[in-house]
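Descriptive analysis of the structure
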Amino acid sequence: MAVGISLPPATVQSSKTSTTTSGIAQQADTCCHSDRAQKNRNASLARPFFWEVVPLCDLYTLVNVVVLPSLGSTTSGTGASGQSDSSTITPSPAELLGQALYYAGIDLAEANSTPSVLLFTIILPSTNGYVNRADFFRLRLQDIPYAITKVHEPLLPLQYYNAALPSSNLPDLVRNAGAIIQWEKLSSSVTINKLQGVLARRTEELRYRLNGAQFLSPEPIQRKRVALIRGRPNLTAGSPIYRAASALGLDLVIVDEQGHWLQADTDENKKYREAFLVTDMTEDESVADRIVSSIKSYPLPIHGVFTVSDNFFVVVARVAEKLGLPANPVSAFETSVDKYRSRLAQDTPGQTARVHSVGELESMLSSSVGDDQRPAFSPTYPLIVKPTKGWSSECVSKVTKPEDLALAVEKATRRHGSAAVIEPFFDGPEMDANFILLDGEILFSEIADEPPCDGDAKNATVDATFSPEALTMPSRLPIEEQDIVKSTLRDILVKIGFRTGVFHVEARMVNSAVEYRNHNGVVDLARKDTLPVSKPECRLIEINARPPGYRVSVPIKQTYGVDYFAAHMLAAAGERDRLKLVAQPFNYTTDTNIDARNPDAQYWSRLVYVPAPAAGVVQWKRSDLPPCEELKLRRPDLAKHIVLGVDYCTPGDKVELYTDGARTYVAHLLVSSRVSREEAIAIGNEVQRSFEIDIVPDQSTEHAADPIMLSSCSQAVVPTKALDTSECSLTLLELTPTSLHK
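Every value quoted in this text rests on a predicted model; they were computed, and no experiment measured them.

The next subject is the pattern of salt bridges. Going through the model one piece at a time under the given rule, you end up with 46 salt bridges. Here R354 makes a salt bridge to D338, at a shortest N to O gap of 3.1 Å. Taken together, the residues R354 in strand β15 (residues 353–355) and D338 in the loop between α12 (330–336) and α13 (339–343) connect sequence positions 16 residues apart. Classification of R354 as partly exposed rests on a relative accessible area of 29%. Overall, D338 belongs to the buried group, its relative accessible area being 9%. Measuring nitrogen to oxygen at the nearest pair gives 3.7 Å for the salt bridge that ties E542 to K339.

What follows covers the confidence of the model for the protein chain. The predicted model of the protein chain averages 85 in pLDDT, with 83% of residues at 70 or higher. Contacts of residues 7–34 to residues separated by more than four positions or lying in other chains number 56 contacts, the stretch itself having pLDDT below 50. In the predicted structure, residues 39–45 sits below a pLDDT of 50 and forms 26 contacts with residues beyond four places in sequence or in another chain.

How two helices pack is summed up by the angle between their axes together with the distance between the axes. For the pair helix α8 (residues 235–248) and helix α18 (residues 564–572), interaxial distance at closest approach is 9 Å and the crossing angle is 60°. Classified by the angle between their axes, α8 and α18 sit oblique to one another. The handedness of the crossing between α8 and α18 comes out as right-handed. Contacts between α8 and α18 involve P240, I241, A244, A245 and L248 on the former and, on the latter, F565, A566, M569 and L570. Across the contact of α8 with α18, the residue classes tally to nine nonpolar, no polar and no charged.

What follows deals with the sheet that holds strand β10 (residues 216–217). Backbone-to-backbone hydrogen bonds join strands into a sheet, with any given pair of strands oriented parallel or antiparallel. The strand order β7-β5-β10 describes an open sheet built from three strands, whose pairing is antiparallel. Each having just a single partner strand, β7 (160–161) and β10 make up the two edges of the open sheet. Pairing geometry for strand β5 (residues 129–131) and β7, over two bridges, is antiparallel. Bridge pairing links Y130 to Y160 in β7.

Attention shifts here to the nonpolar core. L252, I436 and F691 are the most contacted members of the largest nonpolar core, which totals 69 residues. The element that contributes the greatest number of residues to this core is α18, accounting for eight residues. The contacts of I436, once residues within four sequence positions are left out, are E441, I442, L443, F444, G501, V502, V562, Y564, A567, L579 and A583. In this structure, A100, I106, L155 and L170 belong to the second largest nonpolar core, which totals 53 residues.

Before going further, it helps to spend a moment on the packing of helix α10 (residues 287–297) against helix α11 (residues 313–323). Close contact between α10 and α11 brings their axes to 9 Å; oriented N to C, the two are set at 50°. The pairing of α10 with α11 is recorded here as oblique in orientation. By crossing handedness, the relation of α10 to α11 is classed as right-handed. Residues V287, A288, D289, I291, V292, I295 and K296 of α10 lie in contact with α11, whose contacting residues are V315, R318, V319, K322 and L323.

With that settled, the discussion passes to the packing of aromatic side chains. For the coordinates displayed, the defined rule picks out 18 aromatic pairs. Ring centres 4.6 Å apart and planes at 35° place the aromatic pair Y208 and Y588 in the tilted group. Of the two residues, Y208 sits in helix α7 (residues 192–210) while Y588 sits in the loop between α19 (576–582) and β28 (604–611), which places them 380 residues apart along the sequence. In this pair, the class of Y208 matches that of Y588, namely buried. Ring centres of Y609 and Y665 lie 5.0 Å apart, and the angle between their planes is 40°; on these two criteria the pair is classed as tilted. Of this pair, Y609 sits in strand β28 while Y665 sits in strand β34 (residues 665–673), and the two are 56 residues apart along the sequence. Of the two residues, Y609 and Y665, neither departs from the other in class, the shared state being buried. Taken together, the ring pairs in this structure connect Y60, F136, F137 and F215 into an aromatic cluster. Sitting above the plane of the Y609 ring, R551 keeps its charged end 4.8 Å from the centroid. A cation over an aromatic ring shows up here: R597 above the ring of Y588, its NZ or CZ 5.3 Å from the ring centre.

About the cut-offs
Once a new chain begins, its residue numbering starts again from 1 and follows that chain's sequence as written. Local features in this predicted model are restricted to residues whose pLDDT is 70 or higher, and side-chain atom pairs enter the listing and the counts only when it is 80 or higher, whereas totals over whole chains, interfaces and linings include all residues. Hydrogens and water are ignored here; the side-chain numbers use all heavy atoms of the structure. For this document, the term salt bridge refers to a Lys or Arg side-chain nitrogen within 4 Å of an Asp or Glu carboxyl oxygen. Helical segments are the DSSP runs of H or I of at least four residues, strand segments are the runs of E of at least two, and each set is numbered from the N terminus. Relative accessible area decides the class of each residue, using a 1.4 Å probe on protein chains only: under 20% of the type maximum gives buried, over 50% gives exposed, and in between gives partly exposed. Confidence of the prediction at every residue is given by pLDDT, a number between 0 and 100. Whether two residues are in contact is decided by their heavy atoms: any pair within 4.5 Å suffices. Lines fitted to the C-alpha atoms define the axes, with helices restricted to the stretch that makes contact. Angles between their N-to-C directions range from 0 to 180 degrees. An angle counts as roughly parallel when it lies under 35 degrees, as roughly antiparallel when it exceeds 145, as roughly perpendicular when it falls between 65 and 115, and as oblique in every other case. The handedness criterion is simple: a crossing whose near helix is rotated anticlockwise from the far helix by less than a right angle is left-handed, and one whose near helix is rotated clockwise is right-handed. Residue polarity is assigned by list, with Asp, Glu, Lys and Arg as charged and Ala, Val, Leu, Ile, Met, Phe, Trp, Tyr, Cys and Pro as nonpolar; anything else, Gly included, falls into the polar class. A pair of strands is labelled paired if DSSP reports no fewer than 2 bridges between them. To qualify as a nonpolar core, a set must consist of buried Ala, Val, Leu, Ile, Met, Phe, Trp, Tyr and Cys residues joined through side-chain atoms within 4.5 Å. Only Phe, Tyr and Trp rings take part, Trp by its six-membered ring, and two of them pair if their centres are within 6.5 Å. Stacked means planes under 30 degrees apart, edge-to-face means over 60, and tilted covers everything else. For a Lys NZ or an Arg CZ to count as sitting over a ring, it must be within 6 Å of the ring centre and within 35 degrees of the ring normal.

If you want it as structure tokens, here you go:
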């Protein structure tokens, strides 16, 4: 570890420095006399500083810079007033450092507004290469447990970076930075021992986040253009896609209906897409041809097409096939969107049936097949009835007795114009398993546990909902069972034809060694007293050939550092090498304080779904503050654990308790704990209990009444209107609540 020290100009005579080519614009000669630059130079004149060079891993070197409080006024290099003397022969080391930081976008005048210790970390990539993602370091630093004032990333997407060996010239190191972190200021009374501890802890945390995670591609990256078929319904739902595309250097073209909010060619919309292609998206036999015509009419080449809307997966696969663009086979999507066909990828004959009506069900139950005249279908209870095409747990029923079967089939067939699939109910912990695949091999995968819902109860009726209540990450299934989940589901994906892309799969673990138990108010997986005789088995529920929805993909990015939307677009563009780069999670393998946590995750996290506590018209407890923000203000003890909170409703929105058997969400929040999974769950429970929203009875159907302020109940929900596609977005603040994917 190399260390450098610089005292104030009166103590140390500085020398001129050489400059190197870097990603930070070299504007000192033309801008150094500006007022703001002068202020920054003045702010650093009498500040002693030191730095250390720390080899972090094979990919990065860190330079930690500590600027100490001023020792008092000095005269070297300045006039009596403290202003820079134009006759000064050479600037001081502090001036040179201040100038370099200023041109890197760090305002030292503001940082020096109070006597304090300033901390900076310069991140130097160790190899040459091309920038894969321009906001890479911000992504890796999200939710770091140390306060950051600013992260400066000077490089553009796809730009070439020329690595330089660490030197004793600190301004040169600043100018050659891949990123610069400005940490929150420390008190001027901090001791040397404490300061050393601060630097050591930050360095170790950066090692967990950057070790093995490549910022640069060794090969040049061709700039490509991708088309998103069906733009997102609002900016909040679409922003993770738009931000990722921009950071990756992917030009984004939107294909959607006339009147979409991104259609207008305004300066604001141009921030999110290159162009908008107005297309008739009516879901008929010709929709793929119309999309192909729109894309062919665009004057610039399009290198990939993708969607996050379930109703258009098969269509987009056909579009890609017609245009010769990268995609999985159409047949794979046709199987995945049909819950009956995907069920047959694992079931043995006779376990699953599909019917289009109650009449067909009655005919099937009364008919026989084979020489032995066995029943064509002999249901075993309990069982599940659900639409073959659907989302958000709508019209999903658990049937425990024969007399309820027809009712469940009638409910399932009237939704989405779909047939009903009848399948076994698999008793065991439910989970979400997400994959990034390349040529059928797993690049990254993680599992989240979904605690029991109403439909899981032993005495659940046909009306019980399967709407999720929460999601806990990482999974607490035994490691050997997690391996079974990943291998089983990966094999099913490959069996039906999927090879490359992002996949969101729901499943249950039968004969698991763990079960949900209530311990001191925390319901979580715990080891069974008596282990099952049969081997554990992963049973598929459904396949979604897309990233999990917005409300889950963003928390996964926070927890693991992996952006599924970025991977989804790169797979569509055929960017195989770049797909590998974005599939690198955090690496806490060497952390001894992770409480048996998956080392890919930076903390335990709990995603809380907040249900509508009553039907009616939404009001906010405070008209100027959305409920999530009001909760954080009212409960600062919870606020420090809340990573994000998203409200779905604005005052005046109408909500119902249920839509086709699915609960109505009004918000979701992500909470975290670096202490334990139990703490994360307990905090999530308290967040859900403490969330408050006002519901006024709908005056269009009832007489006016006083507002009823209600806390959310303990069950989660799904919003009111169903989308015409499986829009996995949320309807944040701009729209009324809408059916969402997990």
